[in-house]
Every structure is written in structure tokens, then in C-alpha cells.
Amino acid sequence: MNLINRKKLLLIFLLVFPLASYANGGGPLLLFISGSVFLYGQVWILASETFIYCKCTDLDPVTAFKQVFLVNLGSTIVVGLGFPFILAIVTALAMSLPEPFKDYASLMGTWAYEGAPHTDLLGPLSLIWLTVTFILTIIYERWHLSKLWLKANYQGSITISGLMVRAHVVSYTGLLLMSIYMWGGMIGALLGM
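Residues numbered from 1 in each chain as written. Predicted model: local features only at pLDDT ≥ 70, side-chain atom pairs only at ≥ 80, totals over all residues. Heavy atoms only, no water.

1. As for the side chain of Gln-42
As a reminder of what qualifies: The numbering of helices and of strands both runs from the N terminus, where a helix is a DSSP run of H or I of at least 4 residues and a strand a run of E of at least 2. Contact criterion: two residues are considered in contact whenever any of their non-hydrogen atoms come within 4.5 Å of each other.
For Gln-42, the position within the fold is in helix H2 (residues 29–56). Dropping the residues within four chain positions of it, Gln-42 is found in contact with Val-37, Asn-72 and Thr-76.

Rendered as C-alpha cells:
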């Protein structure tokens, strides 16, 4: 896909998604969380994972940053935003089903709107979906990094799996602390605390 087509696809995505959320008077909570992490946590993710790459491999900081950037860009598009977006679309379509199926569909897709059923379960289900995206992110990034290392004929001093686990433990711990600081009240309300 050439650059012009990618820009058109991105423009369509940006134009269509806000309209769909507004029309439904709400939106998918998981996509909001993932988008917020992308917006506010990207600097932390890139910095912390580059640091871990440099400490665990013999890569220079520039090469480590390039790899971290490419791997995280791919995982953000495919897993971080792509997975919640697909879940939101499937949920939006399933919400046209008759009762009680549409209520369960909105719950499973963590679709938040005024008068939504089972709102007390949205927080715990979001945490379950975030755990799924965490695991999918590690799987995707491990695959992407193995392709980069194979292409560069690089033999790391650490396994890719070991590097991924270390990098993500550090970056996700920081993201969790950032989320608690920024949205502690909202998280507590969603979890019923």
C-alpha cells in the first residue's frame, strides 16, 4: 500500500470513528484507554524500552531506539489500537441485536454510554481485555523484533523473549503508575472501590 493510500485510510479512520461514537452517545472504553496510553504514554514507552534494549544487548542507543520505535509503531497500530477498534466495530454491530444479546454485546465490547447495562462490570472487563492486549503486544513485538534481527543478521546476547518480558515489565509498570495517577478516581469508580 503506498503512502497516499495510507494517508487516505488514516483520514477515513479519523473522520468516521468520532462520528460513530457521537452518534451512539458513547464509545468503547477499551479504545479510549488504549488511545490515551498511546497519546500520553508513548514517550515513556520509547524511553524505557530503549534503555532496556541498551542494557540487555550490545546495541547502540540509536539502533536500539529505531528498533523500539518500529516495533512499537507496529504493535500500536495492530494490537494497541487495531484490536480495540475491531472489537468496537463488532460490538457496535452486535448492539443492534434484540435484548438481552445487545446488552451483553455492549458489556463484552466495554461500550460505555448513558444507561448502559452492567456498568459495574465495565472496569473488570476492561482489565481483562487490557491483559489480552498486553499478551498480544508481546507476541507481536517478539515476532517483529525477530524479523528485524534476522534482517540485520544480529545475534543478541539475550533471547528476544527475555528482552520483551523485561522491556514490557518496565514500560507497563510505568504506564500503570501513570494511569493510576491520571485516572485513579475513574479506575476506582469502574472497579467499584
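Resuming the write-up.
2. Quick look at a nonpolar patch on the surface
As a reminder, the rule being used: Residues qualify for a patch when their relative accessible area is over 30% and they have no salt bridge, like charges being joined within 9 Å and the nonpolar side chains of Val, Leu, Ile, Met, Phe, Trp and Tyr within 5 Å. Surface accessibility follows the Shrake-Rupley procedure with a 1.4 Å probe radius. Residue values consider only the protein chains on display as shielding. The rule for a salt bridge is simple: a side-chain nitrogen of Lys or Arg has to be within 4 Å of a carboxyl oxygen of Asp or Glu. Under the scheme applied here, a residue whose accessible area is under 20% of the maximum for its type counts as buried, over 50% as exposed, and between as partly exposed, the area being computed with a 1.4 Å probe on protein chains only.
Taken together, the side chains of Phe-65, Phe-69, Leu-70, Leu-73, Ile-77 and Val-78 define a hydrophobic patch exposed on the protein surface, amounting to about 520 Å² of accessible area. Topologically, Ile-77 is positioned in helix H3 (residues 61–94). By relative accessible area, which is 54% here, Ile-77 ends up exposed.

3. Observations regarding the packing of aromatic side chains
Using the following cut-off: Ring geometry is summarised as follows: Phe, Tyr and Trp rings, the Trp one being its six-membered ring, pair when their centres sit within 6.5 Å, and such pairs are stacked at plane angles under 30 degrees, edge-to-face over 60 and tilted between the two.
One pass over the structure, following the stated rule, counts five aromatic pairs. An angle of 75 degrees between the planes, with centres 4.5 Å apart, marks the rings of Phe-134 and Tyr-172 as edge-to-face. Taken as a pair, Phe-134 in helix H5 (residues 122–151) and Tyr-172 in helix H6 (residues 160–191) lie far apart in primary sequence, 38 residues in all. A relative accessible area of 25% means that Phe-134 is categorised as partly exposed. When the centroid spacing of 4.8 Å and the interplanar angle of 70 degrees are considered together, the rings of Trp-149 and Tyr-154 count as edge-to-face. Owing to a relative accessible area of 5%, Trp-149 belongs among the buried residues under this scheme.

4. Quick word on the packing of H3 against helix H4 (residues 101–108)
Convention followed: For every element, the axis is a line fit to its C-alpha atoms; helices are fit only across the contacting stretch, and the angle between N-to-C directions ranges from 0 to 180 degrees. Should an angle fall under 35 degrees it is taken as roughly parallel, and over 145 as roughly antiparallel, whereas 65 to 115 is taken as roughly perpendicular and any remaining angle as oblique. Less than a right angle of anticlockwise turn of the near helix away from the far helix marks a crossing as left-handed, whereas a clockwise turn marks it as right-handed. Residues are sorted three ways: Asp, Glu, Lys and Arg are charged, Ala, Val, Leu, Ile, Met, Phe, Trp, Tyr, Cys and Pro are nonpolar, and all the rest, Gly among them, are polar.
Packing of H3 against H4 leaves a shortest axis separation of 8 Å and a crossing angle of 165 degrees. Considering the angle they form, H3 stands roughly antiparallel to H4. The hand of the H3/H4 crossing is left-handed. Listed contacts from H4 to Leu-87, Thr-91 and Ala-94 of H3 are Lys-102, Ala-105, Ser-106 and Met-108. Of the residues assigned to the contact of H3 with H4, the class counts are four nonpolar, two polar and one charged.

5. Regarding the side chain of Gln-67
Within the secondary structure, Gln-67 sits in helix H3. Every residue in contact with Gln-67, bar those within four places of it in the chain, is listed here: Tyr-53, Leu-59, Leu-145, Leu-148 and Trp-149.

6. As for the nonpolar core
The tendency in soluble globular proteins is for nonpolar side chains to be buried side by side. This is how the line gets drawn: Nonpolar cores were defined as sets of buried Ala, Val, Leu, Ile, Met, Phe, Trp, Tyr and Cys residues, with membership established by side-chain atoms within 4.5 Å.
Formed by 18 residues in total, the largest nonpolar core has its most connected members in Tyr-53, Leu-145, Trp-149, Leu-163 and Met-164. Contacts of Trp-149, omitting those with residues within four sequence positions, involve Thr-57, Gln-67, Tyr-154, Gly-156, Ile-158, Ile-160 and Leu-163.

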